[in-house]
Amino acid sequence: MLFLITYISSVVLINYAFSTAPHLDLIWSAWGGLVFVLRDMVQTRFGHGAIAAMLAALVLSYITSDPSIALASATAFAVSECIDWLVFSITKRPLHDRLWISSALSIPLDTFIFFGMIDAFTPGVILTAMGSKFAGVTAVWLIMAWRLRKQAVAG
């Protein structure tokens with residue numbers, strides 16, 4: 001439940017931050033990596049229930065943030081979720097591999113869509129956003145792979 005609440009709160013807060021202090025877009029773009037990791041944790045725990053969590057976060061974002069930021073967030077999320085759904089539905093690889101593969105495909109699109117729609121498409125922002133997202137998902141992948149190896153050795 002902690003990941004779910006933290007995920008929804010992070011989406012709302014990052015959209016609010018982009019709305020109220022867009023000049024700090026490098027900071028907010030780095031925060032995006034945490035949101036991607038939290039989304040993966042919510043998906044791991046609740047499956048496609050992550051969509052309901054994101055819908056709640058987007059409704060709250062529309063109330064608290066600039067509607068154009070909330071729309072950009074919703075659009076980028078929709079594309080990312082479609083990619084995640086395809087990867088999770090088609091591949092039969094272990095969970096940690098599916099998380100990394102889906103992220104490798106969705107992170108660039110999510111980043112380009114969101115920052116393109118809010119007119120913050122600069123090299124620094126794009127590199128920071130993609131770097132933080134890939135770092136986060138790679139950390140999750142390494143932890144999950146380590147746990148699997150540990151279980152295999154113990155079992």
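The protein chain goes by VUT family protein in an unreviewed UniProt entry, where it is assigned to Pseudomonas fungipugnans.

Draft legend 1. Molecular detail of the side chain of D84. Considering the arrangement of structural elements, one finds D84 in helix 4 (residues 67–90). You can call D84 buried: its relative accessible area is 1%. Within the local environment of D84, its side chain forms a polar contact with the side chain of Q43, the two groups lying 3.3 Å apart. Apart from the residues within four sequence positions on either side, D84 is in contact with R39, Q43, S102, S103 and S106.

Draft legend 2. Region of the structure containing the packing of helix 1 (residues 2–20) against helix 2 (residues 25–46). The geometry of helix 1 relative to helix 2 is characterised by a closest axis approach of 9 Å and an angle of 155° between their N-to-C directions. It follows from the interaxial angle that helix 1 and helix 2 lie roughly antiparallel. Considering how the two elements wind past one another, helix 1 and helix 2 form a crossing that is left-handed. Contacts between helix 1 and helix 2 involve F3, L4, T6, Y7, S10, V11, L13, I14, A17 and F18 from the former and D25, W28, S29, W31, G32, L34, V35, L38, R39, M41, V42 and F46 from the latter.

Draft legend 3. Summary view of the packing of aromatic side chains. Inspection of every chain in the model, using the stated rule, returns six aromatic pairs. Measuring from centroid to centroid gives 6.0 Å for W28 and W31, while their planes differ by 55°, and the two rings are tilted. Here W28 and its partner W31 are both found in helix 2, three residues apart, which amounts to about one turn of the helix. W31 gets classed as partly exposed once you look at its relative accessible area, which sits at 24%. Plain terms: the ring middles of W100 and F134 are 6.1 Å apart, the flat faces sit at 40° to each other, and that makes the pair tilted. On the criterion of sequence distance, the pair formed by W100 in helix 5 (residues 95–117) and F134 in helix 6 (residues 123–154) is long-range, its members being 34 residues apart. For W100, a relative accessible area of 30% corresponds to the partly exposed category. Taking the relative accessible area as the measure of exposure, F134 reaches 21% and is therefore partly exposed. One aromatic cluster in this structure is built from F18, F114 and F115.

Criteria and thresholds
Residues numbered from 1 in each chain as written. Predicted model: local features only at pLDDT ≥ 70, side-chain atom pairs only at ≥ 80, totals over all residues. Heavy atoms only, no water. Helix = DSSP H or I, 4+ residues; strand = E, 2+ residues; numbered from the N terminus. Buried < 20%, exposed > 50% of the residue type's maximum accessible area, 1.4 Å probe, protein only. Polar contact = N/O pair within 3.5 Å; in protein donor to acceptor, adjacent residues only side chain to side chain. Contact = heavy atoms within 4.5 Å. Axes fitted to C-alpha atoms, helices over the stretch in contact; angles between N-to-C directions. Parallel < 35°, antiparallel > 145°, perpendicular 65-115°, else oblique. Left-handed = near helix turned anticlockwise from the far one by under 90°. Phe/Tyr/Trp six-rings, centres within 6.5 Å; stacked < 30°, edge-to-face > 60°.

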